[in-house]
Amino acid sequence: MYVVTKILGNLHETESLALDVQRLDKEHKVERVHIPFHDAGRRRLRVTTDHGLHVGVDLSDSEPLQDGDVLTGAEGTDRLIVIEIAPSEAMALRMSKELPADQLFEFGVKLGHMLGNQHWPITVKDDVVYAPLSIDHKVMETVVRTHGFDGIEFEFVPIQPGDVPTAMPQIEHHHPA
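Cut-off values and rules
Residues numbered from 1 in each chain as written. Predicted model: local features only at pLDDT ≥ 70, side-chain atom pairs only at ≥ 80, totals over all residues. Heavy atoms only, no water. Core = buried A, V, L, I, M, F, W, Y, C linked by side-chain atoms within 4.5 Å. Buried < 20%, exposed > 50% of the residue type's maximum accessible area, 1.4 Å probe, protein only. Helix = DSSP H or I, 4+ residues; strand = E, 2+ residues; numbered from the N terminus. Pairing = 2+ DSSP bridges. Axes fitted to C-alpha atoms, helices over the stretch in contact; angles between N-to-C directions. Contact = heavy atoms within 4.5 Å. Salt bridge = Lys/Arg side-chain N within 4 Å of Asp/Glu carboxyl O.

### A look at the nonpolar core
Generally speaking, a soluble globular protein has its nonpolar side chains buried in company with each other. Counting residues in hydrophobic clusters, the biggest one holds 22 residues, and the most contacted among them are Val-4, Val-57, Leu-65, Leu-71, Ile-81 and Ile-83. Mapped by element, the contributors of at least two residues to this core are β1 (2–4), β3 (30–35), β4 (44–48), β5 (54–58), β7 (80–85), β8 (88–95), β10 (128–132) and β11 (152–159). Per element, the largest residue contribution to this core is three residues, and it comes from β7. Core analysis: the next-biggest nonpolar cluster, separate from the first, contains 17 residues, Met-91, Leu-93, Val-143 and Phe-156 among them.

### A word on the sheet that holds β11
Strand order in this open sheet of four strands is β9-β10-β8-β11, and the pairing throughout is antiparallel. Both outer strands of the open sheet, β9 (123–125) and β11, are each paired with one neighbouring strand and no more. On average, adjacent strands in this sheet sit at an angle of 30° to one another, irrespective of strand direction. Bridge count for β9 against β10 is three bridges, and the pairing is antiparallel. Considered in β10, the bridge of Thr-123 is made with Tyr-130. On top of the sheet, helix α2 (residues 101–117) reaches β8, β10 and β11; it is set at about 155° to β8, its chief contact.

### What about unusual backbone geometry?
The phi torsion at His-28 lies on the positive side, around 60°, for a residue other than glycine. Considering the arrangement of structural elements, one finds His-28 in the loop between α1 (15–26) and β3. Even without glycine at this site, His-119 takes up a positive phi of about 60°. With respect to the helices and strands, the residue His-119 is situated in the loop between α2 and β9. Taking the relative accessible area as the measure of exposure, His-119 reaches 36% and is therefore partly exposed.

### As for the sheet that holds β5
Ordered in space as β1-β5-β4, the three strands form an open sheet in which the pairing is mixed. The open sheet terminates on both sides in strands that have one partner only, identified here as β1 and β4. For this sheet, the mean angle separating the axes of adjacent strands, direction not counted, is 20°. The pairing of β1 with β5 spans three bridges and is parallel.

### Describing the pattern of salt bridges
A full pass over the atoms with the stated rule returns eleven salt bridges. As a salt-bridge pair, Glu-31 and Arg-79 come within 3.2 Å of each other at their nearest N and O atoms. Taken as a pair, Glu-31 in strand β3 and Arg-79 in the loop between β6 (69–72) and β7 lie far apart in primary sequence, 48 residues in all. Under the relative-accessibility criterion, Arg-79 is labelled partly exposed at 29%. Close ionic contact of Arg-32 with Glu-84 constitutes a salt bridge, the shortest N to O distance being 3.3 Å. With Arg-32 in strand β3 and Glu-84 in strand β7, the pair connects residues that are 52 residues apart, well separated along the chain. Salt bridges linked by common partners bring Asp-20, Arg-23, Glu-27 and Lys-29 together as one network.

Set out below in structure tokens:
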């Protein structure tokens, strides 16, 4: 098993890295790993590349994997592993336009509490909160309905890697035993 422990960078963000990947790809030293969206936030994974190589991903205290991340293992190796994250869906939550202004703050706090309690990463764009699909549609719907939000509308929408975070930020917290 080939173990990767380091993210060199992202080929979508660093032109020189993208050129290195292109060059090494011609020499058959680049392999790709397809990762489901919901696994991109994990620090440790066991995956198989498009060439059949078994890879252990062991990243210490790193940010969640992003589409286009380039990983490497031991020093001195020129084999690169490129991460490809599959498109997915997100729950798009909107507050009703009719919600009175004096209830907006309370609504925002309750919504933040619910989303944080589920450890769902979010992105806010305009007046929509996006939470990537991390469990079954029905379970996510049940969580929202259980909290009894009046004035919330939601639907599931397609998302591409990079549209929303793949994991919660790394913040130390503990749950009582």
